[in-house]
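These are the residues of each chain, in order.
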Amino acid sequence: MSTQLAYLQGLWNEALRYAEPRWLPSLVVLLLAGVIYIVAGWILRRVEKRLAALTETELDDEFLRSLRKVVRLTVVAWAVSQLLDEWVQPLAAVIDGVRQLNDVQPQDWVWGIWTVLVFFPISRFVGHLMATFEQKVMSRTDTALDETALPMVNRFVRFLVIAVGVLLALPQVGISIAPLLGGAGVMGLALSFAAKDTLSNLIAGVLLIMDRPFKVGDRIELWNAPRETGTWGDVIEIGLRATKIRNPDNLVVVVPNNEIMRRDIINYTMSGDDIRLRIPFSCAYEADIERAKVLLKQVAREVKGVKLDPAPIVIVRGFGPSEVNLQLRVWIVEARSRRRIADEITERAMVAFAEAGVEIPYPKRELYIKGGGAEGLLPSGG
């Protein structure tokens, strides 16, 4: 028992002997770090308040907030590094197995972690800077860099800033990034083959956002609409993988972006609200064609939403087996009303034709019977 007590007493004496020359410098480091931490934070807060009163933008405020975080992280990292140098470094020199591989010291880990943490407020400031730019762009122009593309670029850039911080920190802790980059390249190549369709849709989504053949709210034509449903719809979401379109039956059709980029895109609202409608009609050969043209123009002028300038016109498109093909061309003030206007004009034209006696053609055959005896119709020898 006395031997164990003597052993413990010896360890305690060794610990006191080891700590005796180090506790005062450590206390000085902690006091100095605490003073710098408090004073620097107080000064930066005062400067932030003064700038907030002098400027309307929040960029300078965000910059000072990020700078305050960087300063505080630096003070803490410096204090921890000095304490490790004072207490752990001598042990690492005498105790086997404490020294890290490639001569990486504990202080190197501290500054490696500091490098990563510092890039978080930097990333926040960069994101705030880009958000301010987004607001100015979206308020002054209507380009491809709209509310869909810019937030995506913002998130990507913030992630890229943090990734740069991680890459800078790895060499500090003795990790070489060259093998990691080589492995990432091989893995990226394998993933590109495995996810070829997904990557194709992602690239097409980026092109859709930048090229912008349509935007959210536009009315476009659908190619593979369900049977007995509307063949057009309104764009409700443009994603990186697919685009969502709501058709007039309130069905949401999800179309892969890669398929959209391979087809002709018919946008009814991109060029403006007013578009021209071409509505086909037919009249019998015996009907008064000029009268039919007048009726169609008159009916078109009475429908709400039809523009009177340019005035509606009717042309003869061709001749069928039993009809003359006409086409009514009208300009309308709202592209989204084209279905309603076409339906209303067609219904009113049918009533007007009936009242005016303009015959609407239908398939018919005329049978001619020649006169003569019935003997010629009997079989021979009958």
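Fair warning: this is a prediction, and the values are worked out from it, not measured in the lab. Residue numbers here run from 1 along each chain, matching the order of that chain's written sequence. It should be noted that, the model being predicted, local features are given only for residues of pLDDT at least 70 and side-chain atom pairs only at 80 or more, the latter also being counted only at that level, while totals for whole chains, interfaces and linings use all residues. Side-chain calculation: all heavy atoms of the structure are included, whereas hydrogens and water are not.

**Student:** Any chance you could explain the overall build of the chain here in plain terms?
**Tutor:** For helices the rule is a DSSP run of H or I covering at least 4 residues; for strands it is a run of E covering at least 2, with both sets numbered from the N terminus onward. Of the regular secondary structure elements, the chain holds 10 helices and 7 strands. In this scheme, a residue with accessible area under 20% of its type's maximum is buried, one over 50% is exposed, and one in between is partly exposed, where area comes from a 1.4 Å probe on protein chains only. Taking all 382 residues of the chain together, 31% fall into the buried category. Contacts are residue-level and defined by heavy atoms, with any inter-residue pair within 4.5 Å sufficient. Excluding contacts between residues fewer than 6 apart, the proportion of contacts in the chain whose partners are at least 24 apart in sequence is 65%. Accessible surface is estimated by sampling points in the Shrake-Rupley manner with a 1.4 Å probe; for residues, cover comes only from the protein chains shown. Working note: accessible area of the chain is about 25000 Å², and carbon and sulfur atoms make up 62% of it.

**Student:** Which parts of the structure should I look at to understand a nonpolar patch on the surface?
**Tutor:** Each patch is assembled from residues with relative accessible area greater than 30% and no salt bridge, linking like charges that lie within 9 Å and nonpolar side chains (Val, Leu, Ile, Met, Phe, Trp, Tyr) that lie within 5 Å. We define a salt bridge as a contact between a side-chain nitrogen of Lys or Arg and a carboxyl oxygen of Asp or Glu at a distance within 4 Å. A cluster of nonpolar residues, Trp23, Leu24, Leu27, Val28 and Leu31, forms a patch on the protein surface that exposes about 500 Å² of accessible area. Here Val28 lies in helix 2 (residues 23–54). Taking the relative accessible area as the measure of exposure, Val28 reaches 48% and is therefore partly exposed.

**Student:** I'm lost on the pattern of salt bridges in this one. Help?
**Tutor:** Enumeration over the complete set of coordinates arrives at 11 salt bridges. For the salt bridge of Asp234 with Arg219, the shortest nitrogen-to-oxygen distance reads 2.8 Å. Taken together, the positions of Asp234 in strand 2 (residues 232–238) and Arg219 in strand 1 (residues 219–221) put the pair 15 residues apart, joining distant regions of the chain. A salt bridge links Asp234 to Arg336, with the nearest nitrogen and oxygen atoms 2.9 Å apart. Of the two residues, Asp234 is situated in strand 2 and Arg336 in the loop between strand 7 (324–332) and helix 10 (338–356); the sequence distance between them amounts to 102 residues. A single salt-bridge network, built from bridges that share partners, covers Glu302, Arg340, Glu344 and Arg348.

**Student:** Could you clarify how one ought to interpret the packing of aromatic side chains in this entry?
**Tutor:** Think of it this way: a Phe, Tyr or Trp ring, Trp meaning its six-membered ring, pairs with another when their centres are within 6.5 Å, and the plane angle makes it stacked under 30 degrees, edge-to-face over 60, tilted otherwise. Under the counting rule described, the total for this entry stands at 3 aromatic pairs. Ring geometry for Trp111 and Trp114: centres 5.4 Å apart, planes at 80°, overall edge-to-face. Of this pair, Trp111 and Trp114 both sit in helix 4 (residues 106–140), 3 residues apart, roughly one helical turn. Judged by relative accessible area, Trp111 falls into the partly exposed class, the value being 26%. Where Tyr285 meets Phe319, the ring centres are 6.4 Å apart and the plane angle is 15°; that geometry is what we call stacked. You can see Tyr285 sitting in the loop between strand 5 (275–283) and helix 9 (289–302) and its partner Phe319 sitting in strand 6 (residues 313–319), a full 34 residues away along the chain. Among the residues examined, Tyr285 registers a relative accessible area of 41% and is labelled partly exposed. Residue Phe319 is classed as exposed on the basis of its relative accessible area of 64%. When the ring centre of Tyr268 is taken as reference, the NZ or CZ atom of Arg338 above it lies at 3.7 Å. For a ring to carry a charge above it, either NZ of a lysine or CZ of an arginine must fall within 6 Å of the ring centroid while also lying within 35 degrees of the normal to the ring plane.

**Student:** Can you help me understand unusual backbone geometry in this one?
**Tutor:** The phi angle of most residues is negative, glycine excepted, and most peptide bonds adopt the trans form. With omega at 0°, the peptide bond leading from Asp309 into Pro310 counts as cis. Here Pro310 shows up in the loop between helix 9 and strand 6.

**Student:** Even after reading the chapter, I still don't get helix 10, so can you show me in this structure?
**Tutor:** Each α-helix winds once per 3.6 residues, and so residues spaced three or four apart point in a common direction. Under the convention used throughout, the expected extent of a helix is 1.5 Å for every residue step, that is, one less than its residue count. Taking 1.5 Å of rise per residue, 19 residues should cover 27 Å, and helix 10 covers 26 Å from first to last C-alpha, within 8% of that figure. Taken residue by residue, helix 10 has Arg338, Ile341, Ile345, Ala349, Ala352 and Phe353 as its buried positions. Down the axis of helix 10, the buried set is contained in an arc of 100°. They therefore lie on one face. For helix 10, the exposed residues lying more than 90 degrees away from the buried face are Asp343, Met350, Ala354 and Glu355. The arc in question is the one spanned by the directions pointing from the helix axis to the C-beta atoms.

**Student:** How should I be thinking about the confidence of the model for the chain in this particular structure?
**Tutor:** Where the model shows low pLDDT, its predicted coordinates should not be examined in detail. Averaged over every residue, the pLDDT of the chain is 79; residues scoring 70 or more account for 81%. Scored from 0 to 100, pLDDT reflects the predictor's confidence in each residue. The model gives residues 96–102 a pLDDT under 50, and that stretch makes 6 contacts with residues more than four places away or in other chains.

**Student:** How should the nonpolar core be read in this particular structure?
**Tutor:** Within this scheme, the nonpolar core is defined by two criteria: the residues are buried Ala, Val, Leu, Ile, Met, Phe, Trp, Tyr or Cys, and they are joined through side-chain atoms within 4.5 Å. Phe281, Leu296, Leu326, Leu328, Val330 and Ile345 are the most contacted members of the largest nonpolar core, which totals 26 residues. Looking at this core, the elements that each hand over two or more residues are strand 5, helix 9, strand 7 and helix 10. Apart from the residues lying within four places of it in its own chain, the contact partners of Leu296 are Phe281, Val314, Leu326, Leu328, Ala349 and Phe353. Counting residues in each nonpolar core, the second largest holds 11 residues, with Leu208, Ile238, Ile245 and Val253 among its members.

**Student:** What should I look at first to understand the sheet that holds strand 6 in this one?
**Tutor:** Pairing between the strands of a sheet is mediated by backbone hydrogen bonds and can be parallel or antiparallel. Pairing between strands requires that DSSP locate at least two bridges from one strand to the other. Pairing in this open sheet of 3 strands is antiparallel, and the strands run 5-7-6 from one edge to the other. Each having just a single partner strand, strand 5 and strand 6 make up the two edges of the open sheet. If you compare each strand with its neighbour and ignore which way they point, the axes differ by 25° on average. One ladder, built from 6 bridges, connects strand 6 with strand 7; its direction is antiparallel. The partner of Gly318 across the bridge, within strand 7, is Asn325. Angular values range over 0 to 180 degrees, each being the angle between N-to-C directions of two axes fitted as lines to C-alpha atoms, with helices fitted over their stretch in contact. Helix-sheet contacts for helix 9 involve strand 5, strand 6 and strand 7, and the interaxial angle to strand 7 is about 25°.

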